[in-house]
2 protein chains.
Amino acid sequence: MLNRFSIGVMKVSIRKIAELAGVSKTTVSFVLNNRGDEKNISSATQEKILAIVKDHNYKPNQLARSLSLGKTNTIGFVVPDISDPFYGKIAKHIDSCAEERFFKVMIANSHEDKNKESELINNLISRQIDGIILASTQVFESNKYKGVPLVYFDRISPNQKDSFIDINNQYSTEQITKLLIKRGHSKIGFISLTSYLPNIQDRITGYKNALIDSGFVTDENNIIDIDYNNKKESVVKALKTLLCTNNCTGIVFVNNVLAAEGVWALNTYFSELIEKVEFACFDNLDLFDYSLPKVTSVVQPIEDIAKNCLEMLCDQIDNSIIHKGKVLKTTIIER
Amino acid sequence: MLNRFSIGVMKVSIRKIAELAGVSKTTVSFVLNNRGDEKNISSATQEKILAIVKDHNYKPNQLARSLSLGKTNTIGFVVPDISDPFYGKIAKHIDSCAEERFFKVMIANSHEDKNKESELINNLISRQIDGIILASTQVFESNKYKGVPLVYFDRISPNQKDSFIDINNQYSTEQITKLLIKRGHSKIGFISLTSYLPNIQDRITGYKNALIDSGFVTDENNIIDIDYNNKKESVVKALKTLLCTNNCTGIVFVNNVLAAEGVWALNTYFSELIEKVEFACFDNLDLFDYSLPKVTSVVQPIEDIAKNCLEMLCDQIDNSIIHKGKVLKTTIIER
DNA sequence: TATTTTTGCTAAATCGGTTTAGTATAGGCG
DNA sequence: CGCCTATACTAAACCGATTTAGCAAAAATA
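In this text the structure is predicted, and so the values were computed from the model without any measurement. Sequence order sets the numbering: in each chain, residues are counted from 1 along the sequence as written. Written order decides the labels, with chains lettered from A and ligands numbered from 1. Only residues with pLDDT of 70 or above have their local features reported here, since the model is predicted, and side-chain atom pairs are shown and tallied only from 80 upward, although totals for entire chains, interfaces and linings are computed over all residues. To get the side-chain values, all heavy atoms of the structure are used, and hydrogens and water are removed first.

1. Quick notes on the relation of the copies chain B and chain A
- A least-squares superposition brings the copies together, and it is based on the C-alpha atoms of residues with pLDDT no lower than 70 in both. When chain B is fitted to chain A, the residual RMSD is 0.1 Å, and the transformation amounts to a turn of 180° plus an axial shift of 0.0 Å. When the rotation and shift are considered jointly, the pair of chain copies conforms to a two-fold rotation axis. Closest to the rotation axis within chain B is the C-alpha of B:M106, separated from it by 2.4 Å.
- The contact criterion used is simple: two residues touch if any of their non-hydrogen atoms lie within 4.5 Å. Interface overlap between copies: 100% of the residues of chain B at the interface are likewise at the interface in chain A, consistent with a symmetric, same-surface contact.

Written out as structure tokens, the structure is:
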């Protein structure tokens, strides 16, 4: 059959190399897989083959190889948005770790769309990837893809017990809230977003616990959900309520994007309050170093998350060991 | 031969489906590829096959398919750093465009390492990817990978004539420099970095041209290279020279990262100058909306770059058409 | 009725590797 | 010398798809 490889530059195959060397495909295969000595291929033959391989710049077809071996040495990395610096950084480190183990990474973007995510995963599976690292949009249907090694991160279903790498959302948010309290703030608002995601819910709980622990009462009026499609205005409105009506002086934001909006809003509309008000939020941004008010933030151990995801996945791929979920420690930058 | 697919959940293959339906593999293949009618497969048989396929949740093995077809429907996307938001955003849009054409994207991170880049590309080729989109670390050896459809972006060798999507670095930098001049700045410094990369060189030329065009002389003392491994201090020092010794009031930065450092340095060490000094730079950052001094910046048409890269690549893959390089227009945010 | 055409399907080669089970020759040992 | 082992290699099956060439029976045509 003709395919595009047949036209133009003729691709060399193992068969061609074998012919040129006057040996069988088997011999070439052994030599290329460093099993020449073990298989008693004479060094003369080995050298001859390697020379021809180099000469023709022959690179084995990994499709054929993978088909035969039943292993692609490829893992899928599925995230809601690869342009989000958080996922981008995780991707980079996953890629680095994977490289050490001779794995390649296929990145897939679900665009926060549950159906697209399913499609992507099925596609990865049909491409025979060896495993998947997933930040899912659909935290409820875990274990949907039985039979494929899978590690979850960032978005983890509450009933997920195995194969995830998480961080302690609740505890971290509790800590930064307590830091604001320690600095003398007694009225602290929380700017959140409407989301079923457990990590968001945990952060809210953490904020509440900090207040209760410190002997304050929690007031639902001080917790405001943001319309994510209309962030800018929505944050301004929320700040107005919290700062002006409810007299809060400390604000905890559920994530860095909202905190950045908060910094902008405070500078633009409530600049007279800059000296009085303090912010804290989940996830860092370089911006927080430069701007007023400085923002105390929770830093996720990105490199560790990536490393642990890959280790856990590899153990599942290589040794069929399914680990319990693991919760990593965050750090806090107090500004 | 045994492989991991043989253990546990037995994977279904086209052969199994054929057996279950009591037909040949050929027939199943025709039906699955929507060629049933064309190949005169009775609708009864077609329906039977499709039912069994659905029943067993059968997904054709894409490795085998690709091996046979000589096409993987996969493209490689090779960049120096996927955690850089610029490349992240490009990746996201490439992925979206690719999806429409039923292509998958393999992202590879060269870590700005020339040798790693070669390795990655060779690996992608051995995986039979259909084409590559590349922001190269090694702009000089273009056309090294003859025979593989390849489109360059962001990092383009000056002698590259075909198959690239670029933006006009020189013209854009000229424009923002002229904007500073128009706002009344007569002494304008340029903060750059030591780099052989043509886009950097073009930006320097653009800055110089703006000065010359406006009747000023260019002064090499006003162009300072930054030590990228020691950005923070290096930028402070550069600003001190330009603002305090050379009496510049406008500063053009070669990229957004250095400009962000500049904003921080100005606020930290030269806050008395904030009202007098104005910044401009290449590439935007959200930060520039929030901070003082506000920074006029060049915005690259990220979505367009991605779209054009993919279109150009597909034309090369599908129709063997090699297009001339294309230069896209930037926009400027004046603040 | 005999011939041609259409319908409905399949055997077998192929893509490019890996691997098992084997063969032929040479050398070592009693 | 005869047997055994080590050396050096290979034929052929297999992974799971696609595709060409072709066959048999039914329907259409002459």
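2. Some thoughts on the nonpolar core
- We define the nonpolar core as a collection of buried residues of types Ala, Val, Leu, Ile, Met, Phe, Trp, Tyr and Cys that are connected through side-chain atoms lying within 4.5 Å of one another. To sort residues, take the accessible area from a 1.4 Å probe on protein chains only and compare it with the maximum for the residue type: under 20% means buried, over 50% means exposed, and anything in between is partly exposed. In this structure, A:F153, B:F77 and B:F153 are the most contacted members of the largest nonpolar core, which totals 154 residues.
- Leave out the neighbours within four places in its chain, and A:F153 touches A:F77, A:V79, A:F86, A:Y87, A:I90, A:I133, A:L134, A:A135, A:I165, A:I305 and A:C309.
- If you look at the next biggest cluster of nonpolar residues, it comprises 32 residues, including A:I125, A:L134, A:I156 and B:M106.

3. Some thoughts on the protein's contact with DNA strand C
- Around DNA strand C, a shell composed of 30 residues is seen, among which A:I14, A:S29, A:R65, B:T27 and B:S42 lie nearest.
- Near is defined per residue: the residue qualifies when any heavy atom it owns lies within 4 Å of the molecule or strand. The sugar-phosphate share of atoms of DNA strand C within 4 Å of the protein amounts to 62%.
- Nitrogen and oxygen atoms within 3.5 Å of one another constitute a polar contact, given that in protein one can donate a hydrogen and the other can accept it, and given that sequence-neighbouring residues count only through two side-chain atoms. Within the side chain of A:N33, an N or O atom sits 3.1 Å from a phosphate oxygen of DNA strand C.
- In this structure, A:R65 approaches DNA strand C through a side-chain N or O atom, which is 2.5 Å from a phosphate oxygen.
- Contributions of two or more residues to the surface near DNA strand C are made by α2 (25-32) and α4 (62-69) of chain A together with α2 (25-32) and α4 (62-69) of chain B.
- Classification convention: Asp, Glu, Lys, Arg as charged; Ala, Val, Leu, Ile, Met, Phe, Trp, Tyr, Cys, Pro as nonpolar; all other residues, Gly among them, as polar. Residue composition of the surface near DNA strand C, grouped by class: twelve nonpolar, 14 polar and four charged. Each helix is a run of DSSP H or I of at least 4 residues and each strand a run of E of at least 2, with the numbering of both proceeding from the N terminus.

4. Some details on the pattern of salt bridges
- Here, a salt bridge means any side-chain nitrogen of Lys or Arg that lies within 4 Å of a carboxyl oxygen of Asp or Glu. In total, this model carries 28 salt bridges over all chains according to the counting rule given.
- A:E19 serves as the salt-bridge partner of A:R15, at 3.6 Å between the closest nitrogen and oxygen. Here A:E19 and A:R15 lie together in helix α1 (residues 14-21), a separation of four residues that amounts to about one turn.
- B:K116 serves as the salt-bridge partner of A:E99, at 3.5 Å between the closest nitrogen and oxygen. Here A:E99, found in helix α5 (residues 85-100), pairs with B:K116, found in helix α6 (residues 114-126), and the two come from separate chains.
- B:K116 sits in the partly exposed class, given a relative accessible area of 22%.
- What you see here is one network of salt bridges that share partners, running through A:E112, A:D154 and A:R155.

5. Digging into unusual backbone geometry
All names here are of chain A.
- Although it is not a glycine, Q128 sits at a positive phi angle of roughly 65°.
- Mapped onto the fold, Q128 is located in the loop between α6 (114-126) and β3 (131-134).
- The exposure class assigned to Q128 is buried, which follows from its relative accessible area of 6%.

6. Observations regarding the interface of chain B and chain A
- Opposite the 52 residues of chain B that make contact, chain A presents 52 residues.
- When two parts are brought into contact, each loses some accessible area as probed by a 1.4 Å sphere; the total of that loss over both is the buried area. Both faces combined, the contact of chain B with chain A buries some 4,900 Å², and carbon together with sulfur accounts for 57% of it.
- Our count for the contact surface shared by chain B and chain A stands at four salt bridges.
- For A:D81, the salt bridge goes to B:K92, with nearest N and O atoms at 3.6 Å.
- Seen at the junction of chain B and chain A, the total is eight residue pairs in polar contact (both at pLDDT 80 or more).

7. Here's the deal with the protein's contact with DNA strand D
- If you check the shell around DNA strand D, you find 30 residues, and the closest are A:T27, B:I14, B:S29, B:N61 and B:R65.
- The protein-proximal atoms of DNA strand D, defined as those within 4 Å of the protein, are 62% sugar or phosphate.
- One of the side-chain N or O atoms of A:T26 is found 2.8 Å from a base nitrogen in DNA strand D.
- The side chain of B:Y58 places a nitrogen or oxygen atom 2.8 Å from a phosphate oxygen of DNA strand D.
- Counting only elements with at least two residues in the surface near DNA strand D, the list comes to α2 and α4 of chain A together with α2 and α4 of chain B.
- Broken down by element, the residue count for the surface near DNA strand D peaks at five residues, all from α4(B).

8. Topic: the domain arrangement of chain A
Residues and elements named next belong to chain A.
- Residue ranges for the domains trace back to a domain assignment, done automatically or taken from a database. Segmentation of chain A into domains returns domain 1 (14-60), domain 2 (72-167 + 303-329) and domain 3 (169-299).
- Placing a centre on the C-alpha atoms of domain 2 and another on those of domain 3 gives a separation of 30 Å.
- At the junction of the two partners, domain 2 supplies ten residues and domain 3 supplies six residues.
- Both faces considered, domain 2 and domain 3 share a buried interface measuring about 670 Å² in area, 56% of it formed by carbon and sulfur atoms.
- The largest per-residue losses of area from domain 2 upon contact with domain 3 belong to V139, R155 and I167, which jointly make up 48% of the total buried on that side.

9. Remarks on the sheet that holds strand β8 (residues 250-253) of chain A
All names here are of chain A.
- Here, any two strands with at least 2 DSSP bridges between them count as paired. The mixed open sheet is built from six strands, whose spatial order is β7-β6-β8-β9-β10-β12. In this open sheet, the two strands that pair with only one neighbour each are β7 (223-226) and β12 (331-333). Geometrically, the sheet is characterised by an average inter-axis angle of 20° between neighbouring strands, direction not taken into account.
- One ladder, built from four bridges, connects strand β6 (residues 188-193) with β7; its direction is parallel. Bridge pairing in β7 links F190 to I223.
- Lines fitted to C-alpha atoms define the axes, with helix axes restricted to the stretch in contact, and inter-axis angles between N-to-C directions lie between 0 and 180 degrees. Across the sheet, helix α7 (residues 169-182) is in contact with β6, β8, β9 (278-282), β10 (295-299) and β12; its angle to β9 comes to roughly 170°.

10. A word on the environment of A:A51
- Looking at the element boundaries, A:A51 is found in helix α3 (residues 43-55).
- Between the C-alpha atom of A:A51 and that of A:T331, which follows or precedes it by 280 residues, the distance is 54 Å.

11. Some remarks on helix α5 (residues 85-100) of chain B
- For α5(B), built from 16 residues, the straight-helix expectation of 22 Å at 1.5 Å per residue is met to within 8% by its first-to-last C-alpha distance of 23 Å.
- For α5(B), the secondary structure elements touched by its buried residues are β2 (104-109) of chain A together with β1 (74-79), β2 (104-109), β3 (131-134), β4 (150-153) and α12 (302-319) of chain B.
- Of the residues that open α5(B), the one with a side-chain oxygen 2.8 Å from the backbone nitrogen of B:F86 is B:D84.
- Positive backbone phi, at 60°, marks B:F102, one or two positions downstream of α5(B). Helices are assigned an expected span. That span is 1.5 Å times one less than the residue count.

12. Comments concerning the environment of B:S118
Residue and element names in this part refer to chain B.
- Residue position: S118 is located in helix α6.
- Of the residues examined, S118 reaches a relative accessible area of 13% and is grouped as buried.
- Sequence separation between S118 and S157 is 39 residues, and the spatial gap between their C-alpha atoms is 16 Å.
- Discounting chain neighbours no more than four positions away, the residues touching S118 are Q138, K144 and Y145.

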